[in-house]
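Coordinate analysis (summary)
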Amino acid sequence: MGGMLTRHEFLVLDACRDAAAVSGQRDVVRLTGLSLGTVNAVCKRLIGEALLDESYRVAPAGMEALEPYRVENAVIMAAGFASRFAPISYDKPKGLLKVKGDILIERQIRQLKEAGIEDITVVVGYKKEQFFYLEEKFGVSIAVNSEYTERNNHSSLWLVREKLGNTYVCSSDNYFPENVFSRYEYEANIPGVLVPGQVTEWVMEVGTANRIVKYGETTCEDRYVALGQVYFDRAFSEKFIEILEDEYDLPQTKPKLWDQIFAEHTKDLYMVMKPFESGSILEFDSLDDLRSFDPDFIVNVDSSILDNICVTLGCTRSDIGHIKPIKEGLTNLSFKFSACGQDYVYRHPGNGSENLVDRPSETEAEKIAFELGLDRTFIYEDPNQGWKISRFVETTETFDYGNREHIDAAMKMVRALHDSGKTVPRCFDAYEEARKLADLMYGSRDNYPEGFIDLFELAEETKRYADADNVPPCLVHGDAWGNNILVSEDGFDLIDWEYAATGDYGLDMGSFLQHFMTEEETRYAIDRYFGGKATDEEYRHSIAGTGLSKFYWTVWAGYEAYLDQPIGEDEFNWYQFCKRMMKQALALYKQ
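Read on for a plain summary of the structure.

Each value, and the rule that gives it
- Residues numbered from 1 in each chain as written.
- Predicted model: local features only at pLDDT ≥ 70, side-chain atom pairs only at ≥ 80, totals over all residues.
- Heavy atoms only, no water.
- Helix = DSSP H or I, 4+ residues; strand = E, 2+ residues; numbered from the N terminus.
- Buried < 20%, exposed > 50% of the residue type's maximum accessible area, 1.4 Å probe, protein only.
- Contact = heavy atoms within 4.5 Å.
- Areas by Shrake-Rupley, 256 points an atom, 1.4 Å probe, with all protein chains shown as cover.
- Lys, Arg positive; Asp, Glu negative; His and termini not counted.
- Charge placed at Lys NZ, Arg CZ, Asp CG, Glu CD.
- Axes fitted to C-alpha atoms, helices over the stretch in contact; angles between N-to-C directions.
- Left-handed = near helix turned anticlockwise from the far one by under 90°.
- Nonpolar A, V, L, I, M, F, W, Y, C, P; charged D, E, K, R; others polar.
- Core = buried A, V, L, I, M, F, W, Y, C linked by side-chain atoms within 4.5 Å.
- Pairing = 2+ DSSP bridges.
- Salt bridge = Lys/Arg side-chain N within 4 Å of Asp/Glu carboxyl O.
- Polar contact = N/O pair within 3.5 Å; in protein donor to acceptor, adjacent residues only side chain to side chain.
- Phe/Tyr/Trp six-rings, centres within 6.5 Å; stacked < 30°, edge-to-face > 60°.

**Structural notes on the overall build of the protein**
A count of helices and strands for the protein gives 21 helices and 19 strands. With the principal axes as the frame, the protein shows a C-alpha extent of 105 × 55 × 45 Å. Within the protein, the proportion of its 591 residues that are buried is 53%. In the protein, the share of contacts with a sequence separation of at least 24, taken over all contacts with a separation of at least 6, comes to 69%. When the accessible surface of the protein is totalled, it reaches about 26,900 Å², and 47% of it is carbon and sulfur. In the protein, the 62 positive side-chain charges and the 100 negative ones have mean positions that sit 2 Å from each other.

Put into structure tokens, the structure is as follows:
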């Protein structure tokens, strides 16, 4: 909160710093929004205390009185991925986009410097190297947030906690048509813009003197929405760091925005809502939002993804719209879009996928699946770069493992693939591929954790028995489970062929069968694959294939965690399931 000066005294002194703009009290009224009577009374008091002279110039004592309110520095948060801004953010961080001729973060840095704020720190994470040039070009400091994939933006503030004092905290992707920054700020504040009608946003309820008493994301009408730069004064910074220190290591803190932490402690943290005019602070939540502000953006932006779409579909960039990110897959990023009246999906290869996916084999398998009628969504895949365009299918229901009609259709598709007589160059052995991933993580078997060694020994024994069955190799999907089967009015489509290979049919049994299925459901699915009751040899081989397949996926999940892309509880479910299946298979083989 403010110290020696009252809020009105601060506003008048701050306005009078601009000598060219103030020639009398009416100018002060215009700049501060205070009434003429209030300005008259405050000016008399300030002149009487020798803080202001008769010409409304700030005296040396007045400048000294303003000093506690001087903004010391700024922190610009630029570590996040901005998933809602697909597909542009796949190639470039949102803060580095050029909008109406200005790169967003560069415009913001210039505006801060124009306000007299020279000490600027940019916190980076995603594609961090693209920001490094700012240090030389603008003299800013760069701080690298190595936790940006694991934590929300509170981790960026924790990283630069020693910088926090009288500090602007900014987002790199905001756009300010006019400079909103000031050399002095009276107290900690969040800009608030009144939005008429219904809105779902971070909104503020205020009490006396506009103090924020309630803050959170909600749906409401005619409320002040939080936008843009935030100002921490020294008292707020000290208390916020103290709270963050107490809560940082709690598991529930990881996904929280800094705003959420503030919202949980509004009684302890004094911050006010500072009203701003509509249109003075702009945030672009999607590509369509940005296009409405800068119609030329979509045409001018450097984007190989948009170029790929145009070449493949024979459209122009102006034809592309209604872009909506789809939840990220295990190895890829995807978004839905429309072009010339049709809906499509663009698949962008994820980080590290080049170590896991043979794109030429995937492309060949996609073509085969399309010809067989197994995947009617396929349009084109680049066999070298791995991007893919598919038709968007409006599903009527989710694949249901409890629906025998769905199980029948899935097993029929998988069997048709295996009986096609087709192959692809990539060959897949679950055990050998798992060993390669383990070696990428640990260097050699000598360095495997103890639990890994036991699991590998169990897989080795299972593999020996399964190999002795001498099952001929065939084209396998490699990830043929319910989430990759679309159910629509037109039937079923088996999608996502990036793990397709030539291998043992048991691999697809293993990817389809799941840990939550009962023994009866497992037996039914295997029988449907064979078109009748499976023989003992067929059944045990399918169980062995399931164990080995889930063994691979268990090791794969560990590799994803090694790449800082953990997949969650599925890793442990797969671990338990693969051990159970391999032990069951060995028991059947040894009977």
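What follows continues from the structure just given.
**Thoughts on the packing of helix α17 (residues 450-467) against helix α20 (residues 536-562)**
Running from N to C, α17 and α20 point in directions that differ by 150 degrees, and their axes come no closer than 10 Å. The two elements α17 and α20 cross, and the hand of that crossing is left-handed. Contacts between α17 and α20 involve F452, L455, F456, A459, T462, K463 and A466 from the former and H541, A544, L548, F551, T554 and V555 from the latter. In the contact of α17 with α20, the residues fall into nine nonpolar, three polar and one charged.

**Remarks on the nonpolar core**
In this structure, F456, F512, F551, Y552 and V555 are the most contacted members of the largest nonpolar core, which totals 71 residues. In terms of residue count, the dominant contributor to this core is α20 (11 residues).

**Let's talk about the side chain of E433**
Assignment of secondary structure puts E433 in helix α16 (residues 430-442). Judged by relative accessible area, E433 falls into the buried class, the value being 17%.

**Let's talk about unusual backbone geometry**
Both trends apply: most residues other than glycine have a negative phi, and most peptide bonds are in trans. Of the consecutive residues A86 and P87, the connecting peptide bond is found in the cis state with omega at 0 degrees. Position of P87 among the secondary structure elements: in the loop between β1 (73-78) and α5 (88-91). Here A50, not a glycine, exhibits a phi torsion of approximately 60 degrees, which is positive. A positive phi angle, near 50 degrees, is found at H322, a position not held by glycine.

**Considering the sheet that holds strand β15 (residues 388-391)**
Spatial ordering of the open sheet is given by β11-β12-β13-β15-β14, a layout of five strands whose pairing is antiparallel. Edge positions in the sheet fall to β11 (320-326) and β14 (378-381), since each of these pairs with one other strand and no more. Strand-to-strand twist across the sheet, computed as the mean angle between neighbouring axes with direction ignored, equals 20 degrees. Across three bridges, β14 lies against β15 in antiparallel orientation. What sits directly across from Y380, in β15, is I389.

**Things to note about the pattern of salt bridges**
Pairing between side chains of opposite charge can happen when their charged atoms approach one another. Evaluation of the coordinates by the stated rule reveals 39 salt bridges. Note that R359 and E362 form a salt bridge whose closest N and O atoms lie 2.9 Å from each other. Placement of both R359 and E362 in helix α14 (residues 359-372) is noted, with a separation of three residues, approximately one turn of the helix. A relative accessible area of 7% places R359 in the buried class.

**Some remarks on the environment of R317**
You can see R317 is positioned in the loop between α13 (304-313) and β11. Taking the C-alpha atoms as reference, R317 lies 30 Å from F132; in sequence the two are 185 residues apart. In contact with R317, not counting residues within four places along its chain, are R291, I298, V299, N300, V301, S303, L306, D307 and C310. Polar side-chain contacts of R317 include one of 3.0 Å to the backbone oxygen of I298.

**Quick look at the packing of aromatic side chains**
Geometry of an aromatic ring pair is reported as the spacing of the ring centres plus the angle between the planes. Following the criterion strictly, the structure yields 51 aromatic pairs and no others. Taking 5.1 Å as the distance between ring centres and 25 degrees as the angle between the ring planes, the aromatic pair formed by W158 and Y248 counts as stacked. Of this pair, W158 sits in helix α8 (residues 154-159) while Y248 is found in the loop between α9 (234-247) and α10 (258-263), placing the two residues 90 residues apart along the sequence. Y248 carries the same exposure label as W158, and that label is buried. Measuring from ring centre to ring centre gives 5.9 Å for F452 and F456, while their planes differ by 50 degrees; the resulting arrangement is tilted. Of this pair, F452 and F456 both sit in helix α17, four residues apart, which is roughly one turn of the helix. Comparing F452 with F456, the two get one shared label, buried. Aromatic ring contacts, followed pair by pair, group F81, Y90, Y126, F335, F337, Y344, Y346, Y380 and W387 into a single cluster.

**Some points on the pairing of strand β18 (residues 491-494)**
Relative to β18, strand β17 (residues 485-488) runs antiparallel, the two being bridged by four bridges. Of the residues in β18, the one forming a bridge with I485 is L494. Here β17 folds back onto β18, and the loop between the two strands holds two residues.

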